[in-house]
Amino acid sequence: MSAPTVPQGTPDIAARPHRDTTFPGRFSSASVGVAAPRRAAPSWAPPRPPAAGLPTQVPAQRSAPAPVPVPVPAADPTMWGPPPAPPCSSARVFLAVLSRDVHVTGKELVAFLAQNMIQPIFFLFIFAKVLGGAGFVSGDYGEIMLAGLIALNAFFGGLHAVAFPLVMDFAWTREIDDRLLAPMPISLVAVEKMAFGALRGLLAAVLMVPIGLVMLPSVSWPAAAWAPALLCTILGAVLGGTMGLAIGTLVPPKRINVLFALIFAPLMFTGSVQFPWHALSAERWFQVVCALNPLTYVSEGIRAALVPSVPHLPYLLCVVVSVLATAGFAWLGIAGFMRRAMD
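Residues numbered from 1 in each chain as written. Predicted model: local features only at pLDDT ≥ 70, side-chain atom pairs only at ≥ 80, totals over all residues. Heavy atoms only, no water.

### What about helix α11 (residues 315-342)?
- The terminal C-alpha atoms of α11 lie 41 Å apart, and with 28 residues this matches the ideal 40 Å at 1.5 Å per residue to within 8%.
- By the burial criterion, the buried members of α11 are Cys-318, Val-319, Ser-322, Ala-325, Thr-326, Ala-330, Gly-333, Gly-336, Phe-337, Arg-340 and Ala-341. (Helix = DSSP H or I, 4+ residues; strand = E, 2+ residues; numbered from the N terminus. Expected span 1.5 Å × (residues − 1). Buried < 20%, exposed > 50% of the residue type's maximum accessible area, 1.4 Å probe, protein only.)

Here it is in C-alpha cells:
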C-alpha cells in the first residue's frame, strides 16, 4: 500500500498535525533537566522623557496621612472632663442624714417601743389603774399621772436616743466618722443628733396618749388644751435631745453606765412626773431639788394645759425655763461635740 501523497507546498504542521501537539515541550529545557533562565527582577529606572508632541504625564504621588489633631486643654479644665456635680447645700445634706436615721428607726420599731413604752405603761397601770381601783389614790390621779408620763417619754426618749449611741460612736464603733465626712459643718452634725433625738422623744410621747386614754377611760381633755400641751411636749423632746448630746460628749465612755444609773432615777423622781410641784410644800427642800430639774417644767407645762384644775406652775414660766435650759444644754453639747470630733 503506497503512502498518501501530500500536495506540494503544504506546510509541515498541516501535513503532520500531531507533531507539536502530541508531545508539547518534548525537547524543552524542563524535559531535558536544564533549568530555565530566571528573569531578572525589574529595577527602578527614572521615567523616560515623553515623546515630542505627547502630553506630559506626571505620576501620581501618594499623599502622606493627615495628622491626627490632639486636643489642647483650654484654660478651664472642666471643659474636657465630666460635668461637675451640682452644688449640694448643707441643708439638703442635713435632711438626708436625718431621713437616714429616721429610716433606721423604722426598721427597729419593735426595739424602740420596748425601750420607751414598757416602763411608762407599767407606771400608769400600777399607780393609776391598780392603786386607783383599790382606793389608795384618788380617782383623778390618772389625769395627773398621764400628763407627767407624756413629759417623761418626751424627755427620756430624746435623751436615750442621743447620749448612749453617741458615746458608742466616739469610743468603739466610730460610726460618727461617716457623719463627720458629710459635706456640712461639724456643728450641723451635732444639731442633727439633737433633732433626731427630739423626733424619737416626740414619737414616744405621742404614742403614750392613746394608750393612756384607753387605759383610763375617765380622762377627758379639752380641745383647746391640745396645742399648748403639744408645744410643751416638743420643748421637752428637744430638751432631752440637747441634754443627751451634752452627756454623750462630756462623760467618759467608761463612766456612761454608772452615770445612767445615777441620773436616771433622780431625774425621773424629781421631775414632778408622779405629783404636782405645789404638792411638795410640806417638804420644802425636796421642792427646791425638783425646781432644779428641767423635767419639772415640762411636766408642769403639760399638766397646766391638760389638767388646769390641779395646782401647777404658770404655763409661760414653764415654756421660758424649758427654752433657756434647751439653749444652755445645746451650747454645752455642741462645744463638747466639736472637741470630741477634732480629737
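Anyway, onward from the coordinates.
### Remarks on the packing of aromatic side chains
- Counted according to the given criterion, the structure contains six aromatic pairs.
- Each member of the aromatic cluster is reached from another via a ring pair, and the members are Phe-155, Phe-156 and Phe-264. (Phe/Tyr/Trp six-rings, centres within 6.5 Å; stacked < 30°, edge-to-face > 60°.)

### Things to note about the pattern of salt bridges
- Summed over all chains, the structure comprises two salt bridges.
- Arg-100 is paired through a salt bridge with Asp-101; the nearest N and O atoms lie 3.6 Å apart.
- The residue Arg-303 makes a salt bridge to Glu-300 at a minimum N-O spacing of 2.7 Å. Of the two residues, Arg-303 and Glu-300 both sit in helix α10 (residues 294-306), three residues apart, roughly one turn of that helix. (Salt bridge = Lys/Arg side-chain N within 4 Å of Asp/Glu carboxyl O.)

### Considering the environment of Phe-125
- With respect to the secondary-structure elements, Phe-125 resides in helix α3 (residues 109-133).
- With relative accessibility at 38%, the residue Phe-125 sits in the partly exposed group.
- Distance in space between the C-alpha atoms of Phe-125 and Gly-212 is 9.0 Å, their sequence separation being 87 residues.
- If near-sequence neighbours (up to four positions away) are discounted, Phe-125 is found in contact with Val-130 and Met-215. (Contact = heavy atoms within 4.5 Å.)

### Description of the packing of helix α6 (residues 186-215) against helix α7 (residues 226-250)
- The contact between α6 and α7 brings their axes to 8 Å, and the two run at 135°. The orientation of α6 with respect to α7, classified from their angle, is oblique. Read as a crossing pair, α6 and α7 show a hand that is right-handed. Here Ala-190, Lys-193, Met-194, Ala-198, Gly-201, Leu-202, Ala-205 and Val-209 of α6 come into contact with α7, specifically with Trp-226, Leu-230, Thr-233, Ile-234, Ala-237, Val-238, Gly-241, Thr-242 and Leu-245. (Axes fitted to C-alpha atoms, helices over the stretch in contact; angles between N-to-C directions. Parallel < 35°, antiparallel > 145°, perpendicular 65-115°, else oblique. Left-handed = near helix turned anticlockwise from the far one by under 90°.)

### With respect to unusual backbone geometry
- Look at Ser-272: it is not a glycine, yet its phi comes out positive at around 55°.
- Following the sequence through the fold, Ser-272 ends up in the loop between α8 (256-269) and α9 (284-291).

### Points about the environment of Glu-300
- Given the relative accessible area of 0%, Glu-300 is considered buried.
- Linking Glu-300 and Pro-276, residues 24 residues apart in sequence, is a C-alpha distance of 7.1 Å.
- Apart from residues lying up to four places away in sequence, Glu-300 is in contact with Ser-272, Phe-275, Pro-276, Trp-277, Pro-311, His-312, Leu-313 and Cys-318.
- Looking at Glu-300, its side chain comes within polar contact range of the main-chain nitrogen of Leu-313, at 2.9 Å. (Polar contact = N/O pair within 3.5 Å; in protein donor to acceptor, adjacent residues only side chain to side chain.)

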